[in-house]
Amino acid sequence: MEQIFGENGSETPEPVKAQVTGELPPWLRGSLLRNGPGLFSVGESQYNHWFDGLSLIHSFTFSGGEVTYRSKFLKSDTYKRNIKADRIVVSEFGTMIYPDPCKNIFSRVFTHLSNVIPDFTDNNLINIIRYGQDYYASSEVNYINQINPETLETVGRVNYRDHIALNLATAHPHYDSEGNTYNMGTALMSFGRPKYVIFKVPGDASDEQSGKPALRKVEQIASIPFRSTLFPSYYHSFGMTENYIVFVEQPFKLDIVKLATAYFRGVNWGSCLKFDKDDITLFHVVNKHTGKAVSTRFYADALVVFHHINAYESDGHVVFDLISYEDSKLYEMFYMKNLKRDVGSFLEENRSSCIPDVLRFVLPLAADKEAPRGQNLVALEGETATAVMKEDGSVYCQPDFLFKGLELPGINYNFNAKKYRYFYASKMELSAHPSKIAKFDVVSRTLLEWHQENCFASEPVFVASPGAVEEDDGVILSSVISPDPNISPFMLVLDAKTFTEIARASIDANVHMDLHGLFIPAV
């Protein structure tokens, strides 16, 4: 697995035509952009964690039954500084970097002082997101880097803090049918009272003439105070319905004091995240039109969530599905020292921690404060998740278990914020990287799988057929790589209904393992 996880990727800056077998749908036109770590060492220095690797963006462009491939490193300030120095000089989440001892004393003192409140890396390696008509490489910090989605050139860095008071922001925004983008971020100590912030960027925010970023038109919708001032919740994504934002304030927390002192204590920022198994999980439901939060205090047992699947409203209830872990050990698995040992052994030792559950929660929005204590307030037919009124007027939620072992979920995004039936995901087994992708039916609780021996498939991305009415009328795209030199990397195309292969496009180039991405339809 070291070849898959620890090997430096390389750029393919000019388009390479793929060899297509099978038949691509003639309507499939556009580009799938994917992002992930691609450079794990610079000079003699190496990163400690797989999520620290320098961003390598690649694209698969579909047109006229053909596929072309290209890839480029994100030319972030972090990338340029590291390459110029021929060593890693910018700290990442799992790798803390200290000044060169050859520097003079004044330079070293300045570097130490500047790390009291860390200025995070702009190595945006997690996802490709859209604000207005601008596309950005994104991670979870205050910087994003605008890219040209056709050439993959880096246009320039944007700082959220120039437009809205945030230190952190998710790489998983939501988009509505009008092209508006909704996202969430965290404002730490330097912006007054610490809080979570919900914001919106209008779909028409881009201005090609002036070159000004779409974020200049950002609108703050609401803020939510931290439950504990010095221990904000970590969150990777959130849910959205037609009218509400669903935020899970989980007991997987960032210790602010440890963060501020990490540099001086000789530890990385990742060590400042802690899971409190004895705490509760709070569910915040905020009206995205008015900014007002639903007053009922909904809570559940401790859990860790990275990815939401979908959320929707039904007869006075909010239903939301997510991928849940019982603790935070998954992050530990991706330290390079663990990836270079027998990953199967690590997973076997931590099976219950690293194999997630697919859960459904149901929140009754009009919870009657006078309802009998101990009564289940969920009144949706066919739903077995419960929401029980407690003595203090809060509502204790227990989920419906849907399935075990699915991650990196995606849906037909035309059904985002609506009642839906299918999602597509990676099948998690005793491997650090999934070799199977799957289609899950949330109604029948059944699964269809795709698998090829010794191959590793990226998260499946659904692309709808033009004018499609049925939810699963379309194709699934997944980038597939293999440590076997006899198997070329390929773009897999499945019929979303049957989950059977209709085409693949083999690529004569280095293709790296990625994390997330976005399909951009051809205009």
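Residues numbered from 1 in each chain as written. Predicted model: local features only at pLDDT ≥ 70, side-chain atom pairs only at ≥ 80, totals over all residues. Heavy atoms only, no water.

(A) Molecular detail of the overall build of the chain. When you go through the chain residue by residue, the secondary structure sums to eight helices and 39 strands. At 23 Å, the chain has a C-alpha radius of gyration in line with the 24 Å of a compact globule built from 523 residues. In terms of its C-alpha atoms, the chain occupies a principal-axis envelope of roughly 65 × 65 × 55 Å. Here the chain holds 523 residues, and 60% of them are scored as buried. (Helix = DSSP H or I, 4+ residues; strand = E, 2+ residues; numbered from the N terminus. Rg over C-alpha atoms; globule rule 2.2 N^0.38 Å. Buried < 20%, exposed > 50% of the residue type's maximum accessible area, 1.4 Å probe, protein only.)

(B) Structural detail: the sheet that holds strand S22 (residues 280–287). Pairing within the open sheet is mixed, and its six strands lie in the order S18-S19-S22-S23-S28-S27. Lying at the two open borders of the sheet, with one neighbouring strand each, are strand S18 (239–240) and strand S27 (386–389). Sheet topology note: the S27/strand S28 (residues 395–398) ladder contains four bridges and is antiparallel. The partner of Met389 across the bridge, within S28, is Val395. (Pairing = 2+ DSSP bridges.)

(C) Highlighting the sheet that holds strand S32 (residues 436–441). Taken in spatial order, the four strands of this open sheet run S30-S31-S32-S33, and their pairing is antiparallel. The sheet is open, and its two edges are formed by strand S30 (406–410) and strand S33 (446–451), each paired on a single side. Within this sheet the neighbouring strands show an average axis-to-axis angle of 30°, counted without direction. As paired elements, S30 and strand S31 (residues 422–427) share three bridges and run antiparallel to each other. When the sheet's bridge partners are listed, Gly410 is paired in S31 with Tyr424. (Axes fitted to C-alpha atoms, helices over the stretch in contact; angles between N-to-C directions.)

(D) Region of the structure containing empty space enclosed by the protein. If you walk through the whole model with that rule in mind, you get two cavities of 30 Å³ or more. If you list the elements that add at least two residues to the lining of the largest cavity, you get strand S13 (168–169), strand S20 (252–254), strand S24 (304–314), helix H5 (329–333) and S30. Classifying every residue of the lining of the largest cavity gives 29 nonpolar, ten polar and five charged. (1 Å grid on protein atoms, 1.4 Å probe; cavity = no way out; pocket = protein on both sides within 12 Å on 5 of 7 lines; lining within 4 Å. Points joined across faces, edges and corners; volume = space filled by probe spheres on them. Nonpolar A, V, L, I, M, F, W, Y, C, P; charged D, E, K, R; others polar.)

(E) Expanded view of the UniProt feature "binding site: Fe cation" (unreviewed entry) in the chain. According to UniProt, the feature "binding site: Fe cation" (unreviewed entry) maps to His172, His236, His307 and His516 in the numbering used here. Maximum C-alpha separation among the annotated residues is 12.3 Å over a sequence range of 345 residues, consistent with a single clustered spot. Narrowing the list just given to those that line the largest cavity leaves His236, His307 and His516. Looking at where His172 falls in the secondary structure, it is placed in the loop between S13 and strand S14 (174–175). The contacts of His172, once residues within four sequence positions are left out, are Asn127, Asn183, His236, Ser237, Phe238, His307 and His516. Position of His516 relative to the elements: it lies in strand S39 (residues 516–521). The class for His516 is buried, based on a relative accessible area of 4%. Leaving out residues up to four positions away in the same chain, His516 has contacts with Leu33, Arg34, Asn35, Ile126, Asn127, His172, His236, His307, Leu408 and Glu459. (UniProt positions renumbered as here; feature names shortened; annotations may be inferred. Contact = heavy atoms within 4.5 Å.)

(F) Main features of the pattern of salt bridges. Taken as a whole and judged by the stated rule, the model has 23 salt bridges. Across the salt bridge formed by Arg157 and Asp122, the nearest N and O atoms sit 3.5 Å from each other. You can see Arg157 sitting in strand S12 (residues 154–159) and its partner Asp122 sitting in the loop between helix H3 (105–114) and strand S9 (127–131), a full 35 residues away along the chain. In this structure Arg157 comes out as partly exposed when scored by relative accessible area, which is 37%. A salt bridge links Asp441 to Arg421, with the shortest nitrogen-to-oxygen separation between them at 2.9 Å. (Salt bridge = Lys/Arg side-chain N within 4 Å of Asp/Glu carboxyl O.)

(G) Fine view of unusual backbone geometry. One non-glycine residue, Ala417, adopts positive backbone phi at about 70°. Tracing the chain through its elements places Ala417 in the loop between S30 and S31. Ala417 gets classed as buried once you look at its relative accessible area, which sits at 15%. Positive phi values are uncommon outside glycine, yet Arg445 reaches one of about 60°. Secondary-structure assignment places Arg445 in the loop between S32 and S33. The partly exposed category is assigned to Arg445, whose relative accessible area is 32%.

(H) Representation of the nonpolar core in the model. Counting 109 residues, the largest nonpolar core has Phe62, Phe283, Phe320, Phe361, Phe423 and Leu477 as the members making the most contacts within it. If sequence neighbours within four positions are ignored, Phe423 has contacts with Ile309, Val358, Leu406, Pro409, Gly410, Ile411, Ala438, Lys439, Phe440 and Val442. Counting residues in hydrophobic clusters, the runner-up holds 17 residues, among them Ile144, Tyr160, Val197 and Leu215. (Core = buried A, V, L, I, M, F, W, Y, C linked by side-chain atoms within 4.5 Å.)

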